[in-house]
Amino acid sequence: MKPLPLPSRTSFLLRALRYPNYRLFFGGQIISLVGTWIGSTAISWLVYRLTGSGLALGVVGFVGQFPAFIITPFAGLVVDRWDRRKLLITTQTLSMVQSFALAFVVLTDRATLPALLVLAGLQGVVNAFDMPGRQALVVDLIEKKEDLGNAIALNSSLFNLARLVGPSLGGLLIVAVGEGVCFLADGVSYLAVIGALLAMRVRPRVIAPPQTQGTLNQLWEGWRYTFKSPTIRPILILLALSSLMGAPYMTLVPLFAGNVLGGGPHTLGFLMTAAGVGALAGALTLAGQKPDEKLRNWIPRGAGLFAVGLIAFSFSKTLWLSMGLLVVCGFGFMIQMATSNTLIQTTVDDDKRGRVMSLFIMAFLGVAPFGALIAGSLTEKIGAPHTLLVGGICVLAGTFWLNRKGKNGTGKDSNLRRA
């Protein structure tokens, strides 16, 4: 399957869509991700309706995310050894079944907190395999690797666009027909991406025999490869720090909306939308960058912008200013995350891609539940504004550290220089 020619320079922003397999993947995700956000909105509201407890919301979120921290390293080994397209067909099918199971327990009036915890945990296990598999598959869909960064940025743009649209649709559906129909819609939406995966014609990947024998030895091989790499190691450390100390700001936004800004649900909606708009703008900015530009410099810039935005937001007591600062936070964190993804993908050896991307997922999402717990604990002691201030300062310190590593010549190799 040959890529379509670009008709004009106006297509530069969407150049990864030249590739038929990526177009299928992108189109399937448009529908599936909107459905995912509809389902996420519905389960949050369902837990709140059943329990009225903020703690219950936190526990369900923790159970859904924690498996990514425990299982993802093993999942990365599976990604390296299996056909990635077939693996994603399996994970997407299991996710569809989980959504239909949620619909069943709600529509038959059997929804209880223990049942929701079990289903959230099962989805977390599936996601532990799906996320590194999804990241690794993108490389197989893009024939010219100079377009890989554009494909990753478009994926991030799509995710954030769905984040803006999905919750709104979910809220309307909850009011009109209830949570059960939301889960049905989410389940049906998976058919789009499953159909796209089945329609792809991906050249079979040559899977090299493992250099070491035994599961634990192969896991250790991936860890050793990652943390001995002067390119990958500092990028992952800073991303983990940002996810641990900075990203939990989204958990604390409701407290700022109510306690600091004196607003209600509409204020929370404005703030959440502002963060989403910033993230979408960041992804589109990266999508428009030329592949020969020095992308590594974007990581400390993005992280630094994220940190400064957090610090300034912690002092804001005005809605319009807080919204503007959350746009900055969303923009900066997206720049850091997507650029980190691109540079790692263009640096890593393909036979270790799954294991390395599993560590990327751990750094990006796996530490998030612990960050939420730390933020919650600190908030009880020093308040939400000071908690974000501490988090922003930690991220800013990490940014200076990475920037210094770059100036000293570490964190660079031949692959990175070509990026």
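A. View of the overall build of the chain. The secondary structure content of the chain amounts to 16 helices and zero strands. Across the 419 residues that make up the chain, the buried fraction comes to 49%. For the chain, contacts bridging at least 24 residues in sequence account for 85% of all contacts bridging at least 6. Split by element, the accessible area of the chain, about 18,500 Å² in all, is 68% carbon and sulfur.

B. Geometry of the side chain of Glu179. Within the fold, Glu179 resides in helix H6 (residues 179–199). Overall, the relative accessible area of 6% leaves Glu179 in the buried class. Polar side-chain contacts of Glu179 include one of 2.9 Å to the side chain of Arg49. In this structure Glu179 touches Ala42, Trp45, Leu46, Arg49, Val106 and Ile174, once residues within four positions along its chain are discounted.

C. Region of the structure containing the nonpolar core. With 93 residues, the main nonpolar core has Tyr22, Phe25, Phe183, Tyr249, Leu326, Ile344 and Phe360 as its most contacted residues. For Tyr22, the residues in contact, after removing those within four places along its chain, are Ala16, Leu17, Val138, Leu141, Ile142, Ala151, Leu154 and Asn155.

D. Structural context of the packing of aromatic side chains. Taken as a whole and assessed by the stated rule, the structure comprises five aromatic pairs. With centroids separated by 5.0 Å and ring planes inclined at 45°, the aromatic side chains of Phe306 and Phe333 adopt a geometry described as tilted. In this pair, Phe306 is assigned in helix H11 (residues 298–315) and Phe333 in helix H12 (residues 319–347), connecting sequence segments 27 residues apart. Note on accessibility: Phe306 and Phe333 belong to one class, buried.

Criteria and cut-off values
Residues numbered from 1 in each chain as written. Predicted model: local features only at pLDDT ≥ 70, side-chain atom pairs only at ≥ 80, totals over all residues. Heavy atoms only, no water. Helix = DSSP H or I, 4+ residues; strand = E, 2+ residues; numbered from the N terminus. Buried < 20%, exposed > 50% of the residue type's maximum accessible area, 1.4 Å probe, protein only. Contact = heavy atoms within 4.5 Å. Areas by Shrake-Rupley, 256 points an atom, 1.4 Å probe, with all protein chains shown as cover. Polar contact = N/O pair within 3.5 Å; in protein donor to acceptor, adjacent residues only side chain to side chain. Core = buried A, V, L, I, M, F, W, Y, C linked by side-chain atoms within 4.5 Å. Phe/Tyr/Trp six-rings, centres within 6.5 Å; stacked < 30°, edge-to-face > 60°.

Nothing here speaks to function; it is geometry throughout.
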